[in-house]
Structures are given as structure tokens and as C-alpha cells.
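Structural description and commentary
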Amino acid sequence: MTARGPAPADGRPWPWLVPAVLVLAAFYAVPVADVLRLAFSDATLVRPPERWTTAALSALLADPALPAVLRTTILFTAVNVIALQVFGLLIALTLVRGEARGLRGMTAFRTLVLAAWVVPGIANGLIWQMLFDEAPYGTLNSLLGLAGFGPVAWLSDPEMALVSAVIANLWQGTAFSMIVFYAARKGIDPVLYEVAALDGASPWRTFRSVTLPLLRTAVAVNTVLVTVQTLNTFDSILALTGGGPGRATEVLALFTFNTVFYNLDLAGGSVLALMLFVVAMAMAVLVHGWLGRAR
Amino acid sequence: MRARLGDMATYAGLALLAVFFATPFVWMTSLALRTPAEIYRGAARLIPDAPTLDNFARVLSDPAFLVYLWNGLKLSAFGGALAVALAIPAAYAFSRLDFRHKQATLVAILAVQMVSPLVILVPLYRWMERLGLLNWDLSVIALYGALGMPLAVWLLKVAFDAIPREIEEAAIVDGAARWQVLTRITLPLARPGLASAFVLAMVTNWSQFLIPFILLERDADWPISVAIFNFAGSVSASTTQLLAAACLIAVVPAVAVFAALQRMIVSALIAGAIKG
């Protein structure tokens, strides 16, 4: 009797990959190509492109708003990427320690952090807007008042507004880094910690010499993922400050959104979208390099 | 002794963080239970003197609000299901078949996940407008399916990898075609992975704002995420309690589903993160 049917691990992959490839082509590849075309055209949202031009690009480069937007974006992203990972790592390691010691409440705490993660971005912005309410009866200001401190201009002061936006983003975003670091920490061989304990290494020394070096790949990959996520964030800022006061919290993604859908400047918005895309892809290439090396 | 001190430090640290993470939820609840007069009392009264469910009743008595919730549920559930359905064949091929450039293709699919919806929405909006596909829930669902697919491929591949090949090989030797093996054996065994991928995609869709905001122009088609943004634009400070109630209503379904299933979802994510 001969074996019928396909042999294991054999078979052509393409029939299986067709749905995914079609979706990627229709919803990613072709649109991105179209963005590229629109970026070098004179199209607006209500008028099709008529000729090739770099007018949109040069208009954008001459736009005095752009340096401010880029500065805000870099500041917002950099502070978030550092703070998200410091918090995420801190929480992940504390949870692992608590679980190893059999402490109660670890799952409850993890659930709480994850709950903030699934709050819709718009709701996140609205919720923090209420917390940052600057009226005397506003949440944080009235709490500060009870403690004897003066009111803080959470959202009306340009510098403070950016800090507030970072706080709101930290509240929501920390869970992602927590999961990544939690998973990576669980993947470390426990024997290493036993050896460190036998050698009488202090917790700090163990962290420096065992945990941190072995989490390096996770930190590298997570840095990239979190950077891209933060860069793409705009709905929570839209709901929290609308980008204001002035342009104090207008990040690149929000600027793109406003350019296309409020100013109806399709060509200019496409140039901005292209910038977002190039940064994201550069980051993806970095991840690929790290993953390739780790394997 | 040292371990005990460490435990205390652990609890102290987590307590501090718990205050930060819990405050927005606690405060929204407090505001949503207040009468208009009590809003002005600020932090002096965390638990209102006269807690009231009026705000929830008022928000939910608006029939439009129920429609928004239903729209949100419909769009995110069908979008999540579509994402998983699109991902199954590809994930199966990545898990079971050997082919050239497999690793590179898999990383490319994940890289796609990094493209902001904003980037692809610019051209898609124009095409859909020209083809008359705006204001159509199927357009939004299709887009949700496309956006959710890459992560679903990754999660399902990991789930399929966890199922021993021997089980499938027995069926193949018995003469079953590969697609029969997939539908009859692999998929039923991968139920937790499928469920995790679906719930994650669905929760992401529930949070989506940009796509429905741009593609759906009619009030009656909006999901809850767009509706509360619009609602917030229409309220003055005297209705803070209503906005708080509306936000809670938008947030609670996603949080409840996620909290109930978090053990399953977190283990799926962790498996994915380790493999990745």
C-alpha cells in the first residue's frame, strides 16, 4: 500500500498564502504606492491629481509649523519610549518576584494595568481631560488643593500640556511593555538565578549581570515597537488637547490627520504620511536585524 | 528577613503604581454617580453624598446610544472574525510547510503591522469615495480585517506550532487532504489560540476611532468610539457627569471581556512574544 495524500511539511505554500497576500496588496502595498504618487502631485481631497509636482513637498518644508510639530513629536516619542519601558520593566520584574514569592494580588494588579491598555484611545483622552480639568473642582487640582498646593495649568500651559499627554499615554501604554518584558523574563533559565543566589549576589548585582543582559534583545525589539506605536498615536491626543494649546501637543500623526481631513490638503498630507511610513519601515528593518541576529 | 523586607518593598511599589492605574477608573465612576451639584465639590467627596444612577439612565435612554454600542459591537466582532479567517491559511502554511524565505515573509507580515492606518487611509478614502463605498459598514469591516490580520497570523502560527504534527500526520497517512486536516483536526485543537486572536482583534477594533470617523459620515452608523468623541464636543462642564457615564459605558465592555479572558490572552501573547 502506498501512502496517499501529501507528505508532511511538503506542499506548495502559495495557495495558502493567497488570501493574506491579496489583503496585503490591496490594503497596504497599493495604498502606500498611491500615497507616494499623491505626495508628488497637486491633489486635494476634493480634486484629483492633475500633474506631477514637488510643490507639496516644498510647501511643507517651508511651513513654519513643521519644525514645531517635529520637535513635539520627537520629544513626545522619546520621553514615552523611555518611560514606558522603565515602568514596564519595573512592573514586569516586580510581578515575577511577587509570583515567585507566592504573594497575593499579583494577578489583580496585572489585570488593572491591562484594563488601562484596552481603554479606547478616544476615551483615554476624554477621561484624562476630566482628570486634568483646571477648574477649582477639577480632579487633580482639587486633590492638590487638599494637600495645600496651588492649581497646575495641566492643559492650558504649553509645556505642561505635553507632560499631561505623556502621563495619559503612559497610563494606557505601559501594559504592552509589561507583557513583553514579563514574557522575556519568564524565558530566562531559573538556574542562572540559583547560581547568582549561591554566589551571594545582591539583587541589584543579579539584575545588572543576569536579567538586564539577557533582556537585551527584548529591550531592543520593544524599543522599536513602542516607538512606532507612540509615533502613530493621535486619537488620545486629539481627545485630550486637540493638539493645543496652539500647536504645543500636535504630533506628526495628528498634524497629518488635520492636514488631510481638515485642511483637505491631500498632497501635503501624503508627504506627511510618507514620513510616518518611512520612519515605521526603518524601525521594522531594525527589528528584522535584531531578530535575525538573535536566532 | 531580607525576603520579608523585599516583599514589603514589592507591595509598596505596586501599591503606588496601583493608585496611578486605578485613579482614572475610580474617578470616572465617582463622577458618573454624582448629581450636577456634587461635580463642583471636586476631590472633597470621592464617594458622592447622594450617589445616583441617573446619568447612566439618561445616557442609555437615548436610543441613539444603544445604536452606537450595537454598531461598535457589530463592526468589531465581524472585523475580528474576518481578520482571523484571513489569517488561518497563511498561519497554517507558516507553521506546517517549509518554503523558501519563510522567515523573511513572516517578519514582513509583522512589519506591515507597523504601518499607521492613517497612511493607508488617505488613498483608501479616495478610492472608496469614488466607488461609492463610504458609509457602508462592510467597508469598515473589510479594513478591520486587513488591519487585524498580521497580528492574527503571528498568534495563530504560534498556536498551530504548539499542536504536535504527529496528530496531523496520522490523518494525512489515512488519505485526508491538507485542508481537511486543517478544518477537522488542527482548528478544533487550536481553539484557545483562535479565541485569543479573535478577542485581541475585536478589542482593538472597539478602540478604533480613525477608520469609522472617516468612512462613516452618518450619525446612525457610528460606533461608540466616534460617538463619545462627538458627544464630548457637545457638552459643557455642567454635564461632566454625563460624559463620565458615557465614557464608562464605552470602556466597560472591552475591559470586562479582556479581564475575563486575560489568562488565555496573556498566555497567547506571551507565547507569541517568546517565539518572536
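Nothing here was measured: the structure is a model prediction, and the numbers come from that model. (Residues numbered from 1 in each chain as written. Chains lettered and ligands numbered in written order. Predicted model: local features only at pLDDT ≥ 70, side-chain atom pairs only at ≥ 80, totals over all residues.)

Below, the discussion takes up the overall build of chain A. For chain A, the helix and strand inventory stands at 13 helices and zero strands. In chain A, the order of α-helices and β-strands from amino to carboxyl end is α-α-α-α-α-α-α-α-α-α-α-α-α. In summary, chain A has a C-alpha radius of gyration of 24 Å against a globular reference of 19 Å for 295 residues, an excess of more than 25%. Once the C-alpha set of chain A is aligned to its principal axes, its extents read approximately 85 × 70 × 30 Å. Each of the 295 residues in chain A was classed as buried or not, and the buried ones make up 46%. (Helix = DSSP H or I, 4+ residues; strand = E, 2+ residues; numbered from the N terminus. Rg over C-alpha atoms; globule rule 2.2 N^0.38 Å. Buried ≥ 20, exposed ≤ 12 C-beta atoms within 10 Å, placed from the backbone.)

As a further point, take helix H6 (residues 139–146) of chain A. Taken residue by residue, H6(A) has Thr139(A), Leu140(A), Asn141(A) and Ser142(A) as its buried positions. Residues of H6(A) that are buried sit in contact with helix H5 (121–131) of chain A together with helix H1 (2–32) of chain B. After H6(A) finishes, the residue Gly148(A) shows a positive phi value of roughly 90 degrees. (Contact = placed C-beta atoms within 7 Å.)

A common measure of how large an interface is: the accessible area buried when the components associate. Counting residues at the interface gives 82 residues for chain A, matched by 80 residues for chain B. Per element, the largest residue contribution to the side of chain A that touches chain B is 13 residues, and it comes from helix H1 (residues 14–39) of chain A.

This part covers the domain arrangement of chain B. Residue and element names in this part refer to chain B. Considered domain by domain, chain B is made up of domain 1 (1–52) and domain 2 (61–275). For domain 1 and domain 2, the distance between their C-alpha centroids amounts to 32 Å. Between domain 1 and domain 2, the residue contacts involve seven residues of the former and seven residues of the latter. When residues of the side of domain 1 that touches domain 2 are traced back to their parent elements, those giving at least two are H1 and helix H2 (36–39). (Domains from an automatic or database assignment.)

On to helix H12 (residues 252–261) of chain A. The buried fraction of H12(A) amounts to nine of the ten residues, a majority that puts the element mostly inside the structure. Those residues of H12(A) that sit buried are Leu252(A), Ala253(A), Leu254(A), Phe255(A), Thr256(A), Phe257(A), Asn258(A), Thr259(A) and Val260(A).

Take Phe160(B): it is sitting in helix H7 (residues 137–161). Sequence-distant contacts of Phe160(B), that is, excluding residues within four places in its chain, are made with Ala91(B), Tyr92(B), Ser95(B), Arg96(B), Thr186(B) and Ala190(B).

Residues of chain B with pLDDT of at least 70 account for 96%, and the chain-wide mean is 86. Taken element by element, the predicted model of chain B shows its lowest mean pLDDT in H2(B) (75) and its highest in helix H4 (residues 63–96) of chain B (92). (pLDDT = per-residue confidence, 0-100.)

In this section: unusual backbone geometry. Keep in mind that most residues, glycine aside, have a negative phi and that most peptide bonds are trans. Not every positive phi belongs to a glycine, and Leu264(A) is a case in point at roughly 55 degrees. Mapping Leu264(A) onto the fold places it in the loop between H12 and helix H13 (266–294). Judged by local crowding, Leu264(A) falls into the partly exposed class, with 14 C-beta atoms found within 10 Å. Of note in the backbone geometry, His101(B) takes a positive phi value of approximately 60 degrees without being a glycine. Within the element layout of this structure, His101(B) appears in the loop between H4 and helix H5 (102–112).

The next subject is the nonpolar core. With 178 residues, the main nonpolar core has Leu276(A), Ala87(B), Ala152(B), Val153(B), Leu156(B), Ile228(B) and Cys247(B) as its most contacted residues. Both domain 1 (1–52) and domain 2 (61–275) of chain B contribute no fewer than three residues apiece to this core. When sequence neighbours within four positions are dropped, the list of residues in contact with Cys247(B) reads Ala123(A), Leu126(A), Ile127(A), Met28(B) and Ile228(B). (Core = buried A, V, L, I, M, F, W, Y, C linked by C-beta atoms within 7 Å.)

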